[in-house]
2 protein chains.
Amino acid sequence: MLAAMNLPVPPWQTPKKRPAKQPLSREAIVAAALTVLDAEGLDALTMRRLAEELGTGPASLYAHVKDKEELYDLLIDAVCAEVRVPEASAEDWEERVKDFVRESVRVLTSHRDIGRIAMARIPTGFNVLRVADGMLGVLKAGGLSDQDCAWAVDILSLYANAHSYESSLFEQKLAWQENMLEVPFFEQLAEYYKALPADTFPNLAPMAAVMLTGNGDDRFEFGLDLLVRGLASRRPTVSPEVRPA
Amino acid sequence: MLAAMNLPVPPWQTPKKRPAKQPLSREAIVAAALTVLDAEGLDALTMRRLAEELGTGPASLYAHVKDKEELYDLLIDAVCAEVRVPEASAEDWEERVKDFVRESVRVLTSHRDIGRIAMARIPTGFNVLRVADGMLGVLKAGGLSDQDCAWAVDILSLYANAHSYESSLFEQKLAWQENMLEVPFFEQLAEYYKALPADTFPNLAPMAAVMLTGNGDDRFEFGLDLLVRGLASRRPTVSPEVRPA
DNA sequence: TTCGAGTCAAGAACAATGTTCGTAAGCGTC
DNA sequence: GACGCTTACGAACATTGTTCTTGACTCGAA
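Read on for a plain summary of the structure.

**Some points on the overall build of chain A**
Item 1. In terms of helices and strands, chain A carries 10 helices and 0 strands.
Item 2. Start at the N end of chain A and walk to the C end: the helices and strands fall as α-α-α-α-α-α-α-α-α-α.
Item 3. Sorting the 245 residues of chain A into buried and exposed places 42% on the buried side.
Item 4. Nonlocal contacts in chain A, meaning residues at least 24 apart in sequence, comprise 68% of its contacts between residues at least 6 apart.
Item 5. On chain A, roughly 13500 Å² of surface is accessible, and the fraction owed to carbon and sulfur atoms is 55%.

What follows is the structure in structure tokens.
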């Protein structure tokens, strides 16, 4: 058919069909993915669902994103953009380190299920590196050796990610069982632990109650305390103000 | 057709058709799963592949195992059976704690990809509990409070699992890239880090070399050292032999 | 103005996966 | 010898990530 195409478009009709909705970029995909993720969780984040959110088909996404893995990388980086990097200082050093890790898990757990994909990624994205750089700065202010600082970044990130991972999966499991089970599962677990035979588990059986004390945050704080105490004990010099003048 | 079934079976023919191969139990399934896992990795461990390994169809497995998740639980428990639980003692306490964690990751990394499914499982299996009980015993010998011991079991397990997870995924990624890439990826990463702009990453850029120093074991030892130092510093009393008599 | 190359979108399809349905076979008991 | 009851399992279903291929549109040059 002969189409009269190059006429000035009459204003009462939509000028073109394709770029009516904005033309689908990496950024738009990542933003939509975060929307789906926060609203419906990781299991709902399929390429089809994501395409639907963008008003297109799943195949279109692969023009902008190589893999689902690459999408995950982009998601992590986008989330890391929200981490507020503090300034480094030797004062209150231990608390500053702790606060940074707390801030990381705050962001990581503020987006639903993001913890489940955060682990075991080699940091290359801009925002991930920005966070690592900030962490390195905070650590170096404590006077640790360069090698200790470098590895500490690794370990603290691992800890933050691992906690977020467990937290995310635990929350999911909890929500799932809440809908399916009548007795709240935690009581079930408490019963189970208390019923352990004391002769087979001489240490565990008497401590059933203590094992179940505290929520995820308490445990996180405990582990964080261990790590930071360990770091502090590796400082070659004690803090300058208590050093003999 | 009329089948003469209740005749005494002639010894020169296989007596029955069904129980010729042994009748498919949880144990057999778990054993076969471990075989497939060790030989071909987690991605190859599909219900079909597992059924094939047992000479049956995938549907048959679901009579003995509720889920793939339950299969994973059983796998973890089976692997935990290999962990050698040491005896508790106050002597060389810190090194004993370390050795126990080392033993855990040794087992966890000795089976291919098992680290990828070890995290975020609520410990209920016999062998998992046995390991937790042993860990608790070793920790208590150090004189920590009950609450500290309980949470330390959690944190140390989390650390062992997280390290195994990363190690497993990292090894997979490394093996994959080794076949596809010509330049060994680690050099690529080193180049990338060294090329980071120093004005945007003032801490990271000068430390590119240090960041990449050490393999997974070194980093694991470093984190383990942090945790155990932290635990030691929480001991209410220093070790008895240095206490004033 | 027209053609042609090139880019982007997207429907359809493919292969693989976990899981369930329905049916059949064997075993124990009345 | 017939009836349950457990176990086995081929076939099928729904969902997933991903690719193939066709079509729509853009833009630059003849």
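**Some points on the interface of chain B and chain A**
Item 1. At the interface, 58 residues of chain B touch 59 residues of chain A.
Item 2. Both sides of the chain B and chain A interface together cover about 5500 Å² of buried area, and 72% of this is carbon and sulfur.
Item 3. When the buried area of chain B at its contact with chain A is split by residue, Ile122(B), Trp151(B) and Phe222(B) rank highest and sum to 13% of it.
Item 4. We note a salt bridge from Asp154(A) to Arg219(B), for which the minimum N-O separation is 2.6 Å.
Item 5. Where chain B touches chain A, the interface holds 20 residue pairs in polar contact (both at pLDDT 80 or more).

**Here we look at the nonpolar core**
Item 1. Core analysis: the biggest nonpolar cluster contains 152 residues, and Leu75(A), Leu139(A), Leu75(B) and Leu139(B) have the highest contact counts within it.
Item 2. Aside from chain neighbours lying at most four places away, what touches Leu75(B) is Val30(B), Ala33(B), Leu34(B), Leu37(B), Leu45(B), Ile114(B) and Ile117(B).

**A look at the side chain of Arg49(A)**
All names here are of chain A.
Item 1. In this fold, Arg 49 is placed in helix H2 (residues 47-53).
Item 2. According to the relative accessible area criterion, Arg 49 is buried, its value standing at 19%.
Item 3. What Arg 49 contacts, discounting residues up to four positions off in sequence, is Val 36, Glu 40 and Ala 44.

**Concerning the relation of the copies chain B and chain A**
Item 1. Expressed as a screw operation, the relation of chain B to chain A combines 0.0 Å of axial shift with a rotation of 180°, fitting to an RMSD of 0.0 Å. On this basis, the relationship between the two copies can be described by a two-fold rotation axis. Across chain B, the smallest distance between a C-alpha and the rotation axis is recorded for Gly230(B), namely 2.3 Å.
Item 2. Interface overlap between copies: 100% of the residues of chain B at the interface are likewise at the interface in chain A, consistent with a symmetric, same-surface contact.

**Quick notes on the pattern of salt bridges**
All names here are of chain A.
Item 1. Under the definition given, this model contains 36 salt bridges over all chains.
Item 2. Asp 73 serves as the salt-bridge partner of Arg 121, at 3.0 Å between the closest nitrogen and oxygen. Highlighted residues: Arg 121 in the loop between helix H5 (93-110) and helix H6 (126-140) and Asp 73 in helix H4 (residues 68-80), separated in sequence by 48 residues.
Item 3. Residue classification places Arg 121 among the buried positions, given a relative accessible area of 18%.
Item 4. By relative accessible area, Asp 73 is classed as partly exposed at 39%.
Item 5. For Asp 113, the salt bridge goes to Arg 116, with nearest N and O atoms at 3.6 Å. For the pair Asp 113 and Arg 116, one class covers both residues: buried.

**Some details on a nonpolar patch on the surface**
Item 1. A contiguous nonpolar surface patch, about 240 Å² in accessible area, is contributed by Phe170(A), Leu174(A) and Phe186(A).
Item 2. With respect to the helices, strands and loops of the structure, Phe170(A) is situated in helix H7 (residues 146-180).

**A few points about the packing of aromatic side chains**
Residue and element names in this part refer to chain A.
Item 1. One pass over the full model with this rule turns up 9 aromatic pairs over all chains.
Item 2. Taking the centre distance of 6.3 Å and the plane angle of 65° together, the rings of Tyr 192 and Tyr 193 count as edge-to-face.
Item 3. Judged by relative accessible area, Tyr 192 falls into the partly exposed class, the value being 37%.

Rules used throughout
- Residues numbered from 1 in each chain as written.
- Chains lettered and ligands numbered in written order.
- Predicted model: local features only at pLDDT ≥ 70, side-chain atom pairs only at ≥ 80, totals over all residues.
- Heavy atoms only, no water.
- Helix = DSSP H or I, 4+ residues; strand = E, 2+ residues; numbered from the N terminus.
- Buried < 20%, exposed > 50% of the residue type's maximum accessible area, 1.4 Å probe, protein only.
- Contact = heavy atoms within 4.5 Å.
- Areas by Shrake-Rupley, 256 points an atom, 1.4 Å probe, with all protein chains shown as cover.
- Buried area = accessible area lost by both parts, 1.4 Å probe.
- Salt bridge = Lys/Arg side-chain N within 4 Å of Asp/Glu carboxyl O.
- Polar contact = N/O pair within 3.5 Å; in protein donor to acceptor, adjacent residues only side chain to side chain.
- Core = buried A, V, L, I, M, F, W, Y, C linked by side-chain atoms within 4.5 Å.
- Least-squares fit on C-alpha atoms with pLDDT ≥ 70 in both.
- Patch = residues over 30% accessible without salt bridge, like charges linked within 9 Å, V, L, I, M, F, W, Y side chains within 5 Å.
- Phe/Tyr/Trp six-rings, centres within 6.5 Å; stacked < 30°, edge-to-face > 60°.

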